[in-house]
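The lines below spell out each chain.
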Amino acid sequence: QVQLVESGGGLVQPGGSLRLSCAASGSVFSINAMGWYRQAPGKQRELVAVWISGGNTNYADSVKGRFTISRDNAKNTVYLQMNSLKPEDTAVYYCNADLHTSRWALITRHWGQGTQVTVSS
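Given the structure is predicted, the values throughout are model-derived calculations rather than measurements.

Caption draft 1: A look at the nonpolar core. In terms of nonpolar packing, the biggest core is built from 30 residues, with Met 34, Trp 36, Leu 80, Met 82 and Tyr 93 touching the most fellow members. Listing elements by their share of this core, those giving two or more residues are strand S1 (2–7), strand S3 (18–26), strand S4 (30–39), strand S5 (46–52), strand S7 (67–72), strand S8 (77–82), strand S9 (91–100) and strand S11 (115–119). Among the elements that make up this core, the one with the highest residue count is S9 (five residues). Residue contacts for Leu 80: discarding those within four places in its chain leaves Leu 18, Arg 19, Leu 20, Trp 36, Val 48, Ala 49, Phe 67, Thr 68, Ile 69 and Tyr 93.

Structure, rendered in structure tokens:
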């Protein structure tokens, strides 16, 4: 079993900042990629940012220059620093990890339970 535990969501005013954390635990042998998606009401889930093994990162165009993803390898934890938040960033943010649960296992995809981010004055 793999657990992804998210924290750090909440209510913030436009222009403010939040930092999300996601820790992977359980049967984690190695992580291929770890990142964040979000889903706003009435919209499809979309990629926000992803950290890929080797250190590469990808961001949605809408968050480039405002959000930064980082990883603590020793803790199997990924962070999303969100600055200059806008009302359109309001969504449920989901942590995602593509990982091996053992040396010979195929990569499997896992999701956290989601954390609400609301940007409003």
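Picking up where we left off.
Caption draft 2: Region of interest: the sheet that holds S7. Taken in spatial order, the four strands of this open sheet run S1-S3-S8-S7, and their pairing is antiparallel. Of all strands in the sheet, those with a lone pairing partner are S1 and S7, marking the two edges. On average, each strand axis in the sheet is tilted by 15° relative to the strand beside it, whichever way the strands run. Relative to S8, S7 runs antiparallel, the two sharing six bridges. Bridge assignment links Asp 72 to a residue of S8, and that residue is Thr 77.

Caption draft 3: Quick peek at the state of the cysteines. Overall, the coordinates contain one disulfide when judged by the stated rule. The partner cysteine of Cys 22 in its disulfide is Cys 95, sulfur to sulfur 2.0 Å. Between Cys 22 and Cys 95 the sulfur-sulfur dihedral comes to about -85°; the bridge is accordingly left-handed. Here Cys 22, found in strand S3, pairs with Cys 95, found in strand S9; they are 73 residues apart in sequence, far enough to count as distant. Across the pair, exposure class does not vary: Cys 22 and Cys 95 are buried alike.

Calculation criteria
- Residues numbered from 1 in each chain as written.
- Predicted model: local features only at pLDDT ≥ 70, side-chain atom pairs only at ≥ 80, totals over all residues.
- Heavy atoms only, no water.
- Core = buried A, V, L, I, M, F, W, Y, C linked by side-chain atoms within 4.5 Å.
- Buried < 20%, exposed > 50% of the residue type's maximum accessible area, 1.4 Å probe, protein only.
- Helix = DSSP H or I, 4+ residues; strand = E, 2+ residues; numbered from the N terminus.
- Contact = heavy atoms within 4.5 Å.
- Pairing = 2+ DSSP bridges.
- Axes fitted to C-alpha atoms, helices over the stretch in contact; angles between N-to-C directions.
- Disulfide = S-S within 2.5 Å.

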